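The residues making up each chain are set out below.
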Amino acid sequence: MFNVDTHTHIISPDTDTYPAAPLGGHRSNWSEERPTDIDGLLRQADAAAVDHLVVVQASTVYGFDNSYVADQLARHADRISGICSVDFLSPDAVGDLRHWIDERGFSGVRIRAADGTTAVPTPGRGLDDERMAPVWQFLSDRRVPVCIQMHAQHAPILASLLKQYPGLTVVLDHAGRPRLDDDTSPYPDAPGATPLGETGRVFIKLTPPAVLRAQREAGSAAPLVRTLVEEFGAAHVMWGSNYPASAGTLAELAELVKEQLPSLDATALAMIAGGTAARLYGLVSAAASTSRR
């Protein structure tokens, strides 16, 4: 089974070459308490039997300078893919995307509509700020996956963007902080818009932050995960360890997510383990190679 961890981070010990410049000027606590470089991440992946890693730019350390991840993509193209971070409000945003994707090898980009447990919006008016239109159009035209860290309340705005940009493909980081009410859908619908789970262009990323929040606020994450798999389908669900931002070994974090999955057939499990990510990020050849081992 091809196994892909779709949400990891790396921090370099070389602060001269890769100086910290966190968004908002405040560096994340985890990056100071549990910094892990590429070699440490690969060792963790080997111990957890993970074939491929998607490394998400640690913008709470490096801001929009994706150089450290980019340099590791050049060294370990067979083991890692990268998600860059770009200022969507910058007049140079499309040029920045071309640089990091076309020249430095990134497979996707990330934007924050909300951060952690807060509801602080992206600078500007939010995801539908008119200044972001060129970025959304570029991502739609190029079919570049965009990871969005958001709350369920942003779902109607996202639905509008998906309707406006027919090529847009979205990954909800940490499952998009879905609603946990038993009698409601995880994400509110927008009037006249297709529900997110029916668009075929929204992918769910199951991670320890999503699991732990559901356990804390609803008593268990299993019902939520079951609902997400039912609404979006296994072909649109992935897992991510959030290592090392979440405390624990990569193997422990992977097991935490795996334990929440409902009873599924082998095909569905294989999709969530790595098949969905392989298709989304163009890792099909690597997956095929692993399946022949």
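Residues numbered from 1 in each chain as written. Predicted model: local features only at pLDDT ≥ 70, side-chain atom pairs only at ≥ 80, totals over all residues. Heavy atoms only, no water.

Turning to the packing of helix H5 (residues 93-103) against helix H6 (residues 133-142), a few remarks are in order. It is the contact of H5 with H6, at a shortest axis distance of 9 Å, that shows an interaxial angle of 35°. The way H5 lies across H6 gives a crossing that is right-handed. On H6, the residues touching Ala93, Val94, Leu97, Arg98, Ile101 and Asp102 of H5 are Pro134, Val135, Phe138, Leu139 and Arg142. Across the contact of H5 with H6, the residue classes break down as 8 nonpolar, no polar and 3 charged. (Axes fitted to C-alpha atoms, helices over the stretch in contact; angles between N-to-C directions. Helix = DSSP H or I, 4+ residues; strand = E, 2+ residues; numbered from the N terminus. Left-handed = near helix turned anticlockwise from the far one by under 90°. Contact = heavy atoms within 4.5 Å. Nonpolar A, V, L, I, M, F, W, Y, C, P; charged D, E, K, R; others polar.)

So, about the pairing of strand E7 (residues 202-206). Counting buried positions over the 5 residues of E7 gives 5, a clear majority of the element. Relative to E7, strand E6 (residues 169-172) runs parallel, the two sharing 3 bridges. What sits directly across from Leu172, in E7, is Ile204. (Buried < 20%, exposed > 50% of the residue type's maximum accessible area, 1.4 Å probe, protein only. Pairing = 2+ DSSP bridges.)

As a rule of thumb, nonpolar side chains are buried together in soluble globular proteins. Counting residues in each nonpolar core, the largest one holds 83 residues, and the members touching the most others are Trp136, Leu139, Val146, Ile148 and Tyr187. Core analysis: the second largest hydrophobic core is formed by 14 residues, Cys147, Phe203, Ala277 and Leu280 among them. (Core = buried A, V, L, I, M, F, W, Y, C linked by side-chain atoms within 4.5 Å.)

The next subject is helix H9 (residues 222-232). Considered for burial, the residues of H9 that qualify are Leu224, Val225, Leu228, Val229 and Phe232. For H9, the angular spread of the buried residues around the axis is 130°, confining them to a single face. Looking one or two residues past H9, Gly233 carries a phi angle of roughly 85°, positive in sign. (Arc of directions from axis to C-beta.)

For the rest of this paragraph, the subject is a negative patch on the surface. A surface patch of like charges, here negative, comprises Asp189, Glu198, Glu230 and Glu231. Mapped onto the elements, Glu198 comes out in the loop between E6 and E7. (Patch = residues over 30% accessible without salt bridge, like charges linked within 9 Å, V, L, I, M, F, W, Y side chains within 5 Å. Areas by Shrake-Rupley, 256 points an atom, 1.4 Å probe, with all protein chains shown as cover. Salt bridge = Lys/Arg side-chain N within 4 Å of Asp/Glu carboxyl O. Lys, Arg positive; Asp, Glu negative; His and termini not counted. Charge placed at Lys NZ, Arg CZ, Asp CG, Glu CD.)

With that out of the way, let us pick up the pattern of salt bridges. A complete count under the given rule lists 9 salt bridges for this structure. Here Asp102 makes a salt bridge to Arg142, at a shortest N to O gap of 2.5 Å. Taken together, the positions of Asp102 in helix H5 and Arg142 in helix H6 put the pair 40 residues apart, joining distant regions of the chain. What makes Asp102 partly exposed here is its relative accessible area of 44%. The exposure class assigned to Arg142 is partly exposed, which follows from its relative accessible area of 35%.

In this section: the layout of surface pockets. As a volume, the second largest pocket reaches approximately 360 Å³. Asn3, Trp239, Ala254, Lys258 and Ala273 are the residues nearest the centre of the second largest pocket, which is lined by 14 residues in total. Elements that contribute at least two residues to the lining of the second largest pocket include exactly helix H10 (250-258) and helix H11 (266-280). Among the elements that take part in the lining of the second largest pocket, H10 stands out by supplying 5 residues, more than any other. When grouped by side-chain class, the residues that make up the lining of the second largest pocket number 11 nonpolar, 1 polar and 2 charged. (1 Å grid on protein atoms, 1.4 Å probe; cavity = no way out; pocket = protein on both sides within 12 Å on 5 of 7 lines; lining within 4 Å. Points joined across faces, edges and corners; volume = space filled by probe spheres on them.)

Attention now moves to the sheet that holds strand E1 (residues 4-8). Pairing within the open sheet is parallel, and its 8 strands lie in the order E1-E2-E3-E4-E5-E6-E7-E8. Strands at the two margins of the open sheet, each flanked by one partner only, are E1 and strand E8 (237-239). Direction aside, neighbouring strands of the sheet carry axes that sit 25° apart on average. Sheet topology places strand E3 (residues 80-85) next to strand E4 (residues 108-112); 3 bridges connect them, and they run parallel. Bridge assignment links Ile83 to a residue of E4, and that residue is Gly108. Seen against the sheet, helix H4 (residues 67-75) touches strand E2 (52-56) and E3 and runs at an angle of roughly 160° to E3. Where H11 meets the sheet, its contacts fall on E1, strand E5 (145-149), E6, E7 and E8, and the angle it forms with E8 comes to roughly 110°.

Looking only at helix H2 (residues 38-47), the buried set comprises Ile38, Gly40, Leu41, Leu42 and Ala45. The inward-facing, buried residues of H2 contact E1, E2, H4, E3 and H10. One side-chain oxygen at the N-terminal end of H2 lies 3.3 Å from the backbone nitrogen of Asp39; it belongs to Asp37. Among the residues trailing H2, Ala49 stands out with phi positive, at a value near 60°. (Polar contact = N/O pair within 3.5 Å; in protein donor to acceptor, adjacent residues only side chain to side chain.)

This part is about the environment of Pro208. If you trace the backbone, Pro208 turns up in helix H8 (residues 208-218). Residue contacts for Pro208: discarding those within four places in its chain leaves Gly240, Ser241, Asn242, Ser246, Leu253, Leu256 and Val257.

Further remarks concern the side chain of Lys205. Topologically, Lys205 is positioned in strand E7. At 3.5 Å, the side chain of Lys205 forms a polar contact with the backbone oxygen of Thr6. Among the polar contacts listed, one links the side chain of Lys205 to the side chain of Asp173, at a separation of 2.6 Å. Excluding anything up to four places from it in sequence, Lys205 contacts Thr6, His7, Val56, Cys147, Val171, Leu172, Asp173, His174, Ala175 and Met238.

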